[in-house]
Amino acid sequence: MSRPEFVARQRPDGDVTTSPADIGYQQELRRGVGGFASFAAGFSFVSILTTVFQLFGLGYGLGGAAFFWTWPLVFAGQLLVALCFAELAARWPISGAIYQWSSRLAGTTAGWLTGWIMIIGQILTVAAAAIAAQAVLPGIWSGFQLVGGPGADPSLGSPTGARNAVLLGCLLLVVTTVVNILGIRQMAAATSFGVIVEIIGVVVLVLVLFFLPERGPQAVLHDTGWSGHGGYAGAFLASSLMAAYVMVGFDSAGELAEETHSPRRTTPRTILRALITSGVGGALLILAGLLAAPSLTDGKLAAGGLSWVLTDRLGGVLGRLLLCCVAVAVFACTLAVQSSGARMMYSMAREGALPFHRHLGKVSARTGTPVVASVVVGVGAAIALLVNVRQSAIFTALSSLCIAMLYLAYLGVTLPLLITRIRHRRTGGLPGGVDETGRPLFSLGRRGIAVNTLAVLYQTGMTVNLAWPRPEIYDLTGGTWWLRWSAPLFIGLSLAAGAGYFLVRRLHRRIELRHVPHTHVEPPAAARTVTEPA
């Protein structure tokens, strides 16, 4: 199918087709994900404890205390994107959501390139999430600093810290890969537990730090802590990397749609809840950290981030206990990102759209999971770490590059969605329908074009901002041109390689997406199975 599919198929009398034959895909993945586990998938991908702890120091170092305001701006932009995704998740609740949505809106050529970029971005995101262990574990126990010994510099920007991050990250990837291939119930249980621990940890951290203020909230109105020169606008944009890195992945609930009970009703809500909960919790956590930090000017906050604030203000024991909550969140985040990437790879492979698709698109009869795809994502992330083992800028470069790739893939959905809305604005744009309870599908209604337009404008601007060749992000040595330009170079090479494979294999003639109804279809009684949600 090279052309878009964006309107419901109709019978001659105008009713939406609900024939069981139109469901399209055989149910291979096991439906073991309930409402909370679906929320946990999105929330764990965002994982404010993992990502805020990872990048708080970087954001503060680039923009000072006023970098706080990048958070509400990015949150507002991503909420616009999430609203668009929620509409699509209700109409096409399929694994490989970004690829599937883009293909059905813009055709399989554009959809394949979007899915290709998304897979690469997710693999890099798994790698970036895994090295977050370095921001936490040495703070819990110095023995986790394996490279150079306990006395070595554990900061991610140092040679010993960067190498140790790769080692800890690879060890973590082994664990998450094993959990991913065990089964969806094990993965859902692990992420649900991680989310519970993370939410408790965020609440405790915010309350404790708010009760230990060193200054008032007016601190965020100034750029205290910024040591740059020239205008502040560039520094402010650079510091937005922190917020942009945190608030992605809410769409991962859509990646698990084929494993979710009542996905047309559940998934749109969990996409929005994951982002909103993360947005509110992250803002409070950043503000609490800025107010409780012992100093904003001695350089320690930029170097040590929130880990330094915790251990300094709360003492060794309590600070380390709370860091343990962060460590659990890092595990759950890495697990959720890897699960999402494996489902994307599986969804494209079952269409014959990837190399070795017969293996990547296979689901284990015993575990009900795409085992090979899970292993490939884990190995790919480990390779991304190992090839950068001697690169001190691995942390900032990987973080910015992977998010630029994800933003570009998201744009591959929202842009064709906007075009579809405009072309069919007189007929309502997206088709209507009902969810599993008989209620109307989530819809933006007449506000869809306005919301979608703002989402596309925001995504375009932020993608350019993330890929901008800043030496403080991509080249800490300041003298390697290809490192500084690594984001546009890598994105360009990825697109060229993907386009080459697509043309050589003539995938535009081979990929045939199966029709998925835009409304709930009640399966035949004989085909129904009863399982308990996770």
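Everything that follows concerns the structure shown earlier in this document.
Summarised in this report is the structure supplied together with it. (Residues numbered from 1 in each chain as written. Predicted model: local features only at pLDDT ≥ 70, side-chain atom pairs only at ≥ 80, totals over all residues. Heavy atoms only, no water.)

## Quick look at helix α3 (residues 70–91)
- Between its first and last C-alpha, α3 extends 32 Å over 22 residues, near the 32 Å set by a 1.5 Å rise per residue.
- Taking burial as the measure, the 22 residues of α3 include 18 buried ones, the bulk of the element. (Helix = DSSP H or I, 4+ residues; strand = E, 2+ residues; numbered from the N terminus. Expected span 1.5 Å × (residues − 1). Buried < 20%, exposed > 50% of the residue type's maximum accessible area, 1.4 Å probe, protein only.)

## Details of the side chain of Gln122
- Relative to the helices and strands, Gln122 resides in helix α5 (residues 108–130).
- For Gln122, a relative accessible area of 1% corresponds to the buried category.
- The residues contacting Gln122, other than those within four sequence positions of it, are Glu255, Val337, Ser340, Gly341, Met344 and Leu406. (Contact = heavy atoms within 4.5 Å.)

## Some details on the nonpolar core
- Membership of the largest hydrophobic core comes to 151 residues, with the highest contact counts inside it found for Val52, Phe56, Trp71 and Leu290.
- Here this core gets 18 residues from one element, more than from any other, and that element is helix α13 (residues 300–349).
- With residues up to four places along the chain from it excluded, the contact list for Trp71 reads Ile48, Val52, Met242, Ala243, Val246, Met247, Ser278, Gly279, Gly282, Ala283 and Ile286.
- Among the nonpolar cores identified, the runner-up in size contains 10 residues, and Ala41, Ile184, Leu256 and Leu335 belong to it. (Core = buried A, V, L, I, M, F, W, Y, C linked by side-chain atoms within 4.5 Å.)

## Describing the packing of helix α4 (residues 97–106) against α5
- Where α4 contacts α5, the two axes come as close as 7 Å, and the packing angle between them is 160°. It follows from the interaxial angle that α4 and α5 lie roughly antiparallel. In this structure, the crossing between α4 and α5 has a hand that is right-handed. On α5, the residues that touch Ile98, Tyr99, Ser102, Ser103 and Ala106 of α4 are Thr108, Ala110, Gly111, Trp112, Thr114, Gly115 and Met118.
- Taken together, the residues of the contact of α4 with α5 sort by class into six nonpolar, six polar and no charged. (Axes fitted to C-alpha atoms, helices over the stretch in contact; angles between N-to-C directions. Parallel < 35°, antiparallel > 145°, perpendicular 65-115°, else oblique. Left-handed = near helix turned anticlockwise from the far one by under 90°. Nonpolar A, V, L, I, M, F, W, Y, C, P; charged D, E, K, R; others polar.)

## Brief notes about the environment of Pro440
- With respect to the helices and strands, the residue Pro440 is situated in the loop between α16 (394–423) and α17 (448–467).
- What makes Pro440 exposed here is its relative accessible area of 67%.
- Expressed as a C-alpha distance, the spacing of Pro440 and Arg264, which sit 176 residues apart in the sequence, is 9.9 Å.
- Excluding residues that lie within four positions of it along the chain, Pro440 makes contacts with Gly433, Val434 and Asp435.

## Topic: the environment of Leu418
- Note that Leu418 resides in helix α16.
- Exposure remark for Leu418: the relative accessible area of 10% places this residue in the buried category.
- Here the alpha-carbon distance between Leu418 and Gln100, two residues 318 residues apart in the chain, equals 16 Å.

Interpretation in functional terms is not warranted from these geometric data alone.
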